[in-house]
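# Tertiary structure, described
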Amino acid sequence: MISVDKSLLLYIESAKRLDLLDPLSHFRDRFHLPKTDSGEPFIYFCGNSLGLQPNTASQFINEELDAWKQYGVDGHFHAKRPWMPYHEFLTQYSAEIVGALEKEVVVMNSLSVNLHLLMTSFYRPEGKKTKIIIENNAFPSDRYAVQSQLKLHGNHPNNDLIILQPNDGAIITTDGILDCFEHHGDEIAMVLIGGVNYYSGQAFDMEAITTKAHTYNCVVGFDLAHGAGNLKLDLHDWGVDFAAWCGYKYLNGGPGAPSGVFIHERHLGKTDIPRFEGWWGHDKSTRFAMPDEFIPMETAEAWQLSNPPIMAMAPLLASLEIFHEAGMENLVAKSIQLTDYLEKLILSQLTDKIEIITPPSAINRGCQLSLRMINPIDNIMDKLNDVGIIADWREPDVIRIAPVPLYNTFVDCFQFVVLLKNILNA
Ligand SMILES: *Cc1c(COP(=O)(O)O)cnc(C)c1O
């Protein structure tokens, strides 16, 4: 039996009430929740790492397996969703999620691959302007990708890398970032930072950064692995040059799901942007005439190399349909409520045990909270798992939790705090 102290009883009532009032609560039934040995659903707070499987995912995959069985190569035209334009079925939904025009978006490859394809086009060092800005604690793949691009251009992987340092706890303030342009603007060629940092959960002011960077003629890209499907994004209006994200975190496309790419309209249909090219980037009306000369699509699809992986795209499409139905604005409204509730509960119950390193205000974060354990205890993740919680651990002392508005509840948040408190007080 777990003990619930009196100060928490008020919270359980409010959690239940908030779930009853939640207009999106029914979306939880559209996903498979992992189950404990006793058959109870886990409290799943790992949607920032791998989103849950939509109930419709297997149907979407099976339809393509059946079409392949039935039609062979003719599935390219005769499948219910023809394979030839299959990636196009994901475009509108992806554009809605990141606030883009349809022509600015394409789903293809995986994220790190896309970062390289985009940097091939948009990291163009010239003269003194050679440097790339990333954030402290950037995801390792981003750092490796950026440093290898520096080397590819004959620049120095450390001296030409500017790493934005935290200047307020674990937080990198917008002023600190804008200052960096004032000091180094004439040396900076490109910015590539996470829209939401994977470690701290901090969301950056992408609009302010883009505007400032452009006054210094710097190209701006964002890695939205933790931003897409989590934040309200307006990439087109903010004027961001390029962005990429993965399909398997908040977007629930399944392990290794294809990535999405955004390229601002102003860079489309240009002949002076270098690019790695392949047949799927060729103008689709003449692609199968197999001409010698490459004529690019007028859209972000010009960056496509290969024909799309149908089996991998099918579950992502299943999930994007759910996003479309729920609406990004509604999801963000619930997300703010859910994370604020969880934060309040942690602050009221666990202040002597846990420090939240994620910024305290909704405009500076998505749904993730990163919890630093003041006195780390051994095997905390196993202990959480034993009581029915799936969360994520980052060395040396950080638990990352993400209450996801599509399938998490206020009662999940309540139970998490009760269970964690019991473990920490044991
Ligand atoms: C998850 C994540 C990746 C993963 O890259 P893949 O190419 O999909 O394996 C890269 N960058 C960031 C910021 C991430 O959060």
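Treat the numbers as computed from the prediction; the structure is a model and nothing was measured.

## Side note on the site of the ligand
For the ligand, the full set of nearby residues is Leu-111, Ser-112, Phe-139, Asp-142, Asp-223, Ala-225, His-226, Tyr-248 and Lys-249. The separation between an oxygen atom of the ligand and a polar side-chain atom of His-226 is 3.2 Å. Separating an oxygen atom of the ligand from a side-chain N or O atom of Lys-249 is a distance of 2.5 Å.

## What to know about the pairing of strand S10 (residues 259-263)
Two faces, one strand: in a regular strand the side chains alternate between the faces of the sheet. Across the 5 residues that make up S10, a large majority, 5, are buried. Burial along S10 is two-sided: Ser-259, Val-261 and Ile-263 and Gly-260 and Phe-262, pointing in opposite directions, are all buried. Note: strand S4 (residues 105-108) against S10, 4 bridges, orientation antiparallel. Bridge pairing links Val-106 to Val-261 in S10. Alignment of strand S9 (residues 242-245) against S10, held across 4 bridges, turns out to be antiparallel.

## Comments concerning the domain arrangement of the chain
What the domain assignment reports for the chain is domain 1 (6-55 + 328-425) and domain 2 (61-325). One C-alpha centre belongs to domain 1, the other to domain 2; they are set 29 Å apart. Facing the 36 residues of domain 1 at the interface are 25 residues of domain 2. Across the domain 1/domain 2 interface, buried area totals approximately 2,500 Å², and carbon plus sulfur atoms make up 61% of it. Contact with domain 2 buries surface across domain 1, with Pro-54, Met-328 and Ile-357 losing the most and accounting together for 21% of the total. Summed over the shared surface of domain 1 and domain 2, the result is 1 salt bridge. Linking Glu-325 and Arg-30 is a salt bridge whose minimum nitrogen-to-oxygen distance equals 2.8 Å. Scanning the region where domain 1 abuts domain 2 turns up 13 residue pairs in polar contact (both at pLDDT 80 or more). Listing elements by their share of the side of domain 1 that touches domain 2, those giving two or more residues are helix H11 (328-349) and strand S15 (398-401).

## Focus on the environment of Pro-403
By the secondary structure assignment, Pro-403 is in the loop between S15 and helix H13 (410-425). Taking the relative accessible area as the measure of exposure, Pro-403 reaches 0% and is therefore buried. On a C-alpha basis, the gap between Pro-403 and Leu-420 in space is 15 Å, while along the polypeptide they are 17 residues apart. In contact with Pro-403, other than residues within four places in its own chain, are Phe-45, Leu-338, Thr-339, Leu-342, Cys-367, Asn-408 and Cys-413.

## Focus: a nonpolar patch on the surface
On the surface, Leu-65, Trp-68 and Met-311 cluster together into a nonpolar patch covering about 290 Å² of accessible area. By secondary structure assignment, the location of Trp-68 is in helix H2 (residues 57-71).

## Some remarks on the pairing of strand S12 (residues 369-373)
Most of S12 is tucked away, with 4 of its 5 residues classed as buried. As defined by bridge partners, strand S11 (residues 354-356) adjoins S12 across 3 bridges and the pair is classed as antiparallel. If you follow Glu-355 over to S12, its bridge partner there is Arg-372. In terms of strand pairing, S12 meets S15 through 4 bridges, oriented antiparallel. Across the sheet, the residue bridging to Leu-371 is Ile-399, located in S15.

## Looking at the nonpolar core
Core analysis: the largest hydrophobic core is formed by 71 residues, its most contacted members being Val-98, Phe-181, Trp-245 and Leu-406. A total of 10 residues in this core trace back to one element, the largest contributor, which is helix H10 (residues 310-326). Mapping this core onto the domain boundaries places at least three of its residues in each of domain 1 (6-55 + 328-425) and domain 2 (61-325). When sequence neighbours within four positions are dropped, the list of residues in contact with Val-98 reads Val-105, Ala-228, Leu-233, Asp-234, Leu-235 and Trp-245. Tyr-11, Ala-15, Leu-384 and Ala-391 belong to the second-largest nonpolar core, a separate cluster that totals 36 residues.

Scoring rules and cut-offs
Residues numbered from 1 in each chain as written. Predicted model: local features only at pLDDT ≥ 70, side-chain atom pairs only at ≥ 80, totals over all residues. Heavy atoms only, no water. Near = heavy atom within 4 Å. Polar contact = N/O pair within 3.5 Å; in protein donor to acceptor, adjacent residues only side chain to side chain. Buried < 20%, exposed > 50% of the residue type's maximum accessible area, 1.4 Å probe, protein only. Helix = DSSP H or I, 4+ residues; strand = E, 2+ residues; numbered from the N terminus. Pairing = 2+ DSSP bridges. Domains from an automatic or database assignment. Contact = heavy atoms within 4.5 Å. Buried area = accessible area lost by both parts, 1.4 Å probe. Salt bridge = Lys/Arg side-chain N within 4 Å of Asp/Glu carboxyl O. Patch = residues over 30% accessible without salt bridge, like charges linked within 9 Å, V, L, I, M, F, W, Y side chains within 5 Å. Areas by Shrake-Rupley, 256 points an atom, 1.4 Å probe, with all protein chains shown as cover. Core = buried A, V, L, I, M, F, W, Y, C linked by side-chain atoms within 4.5 Å.

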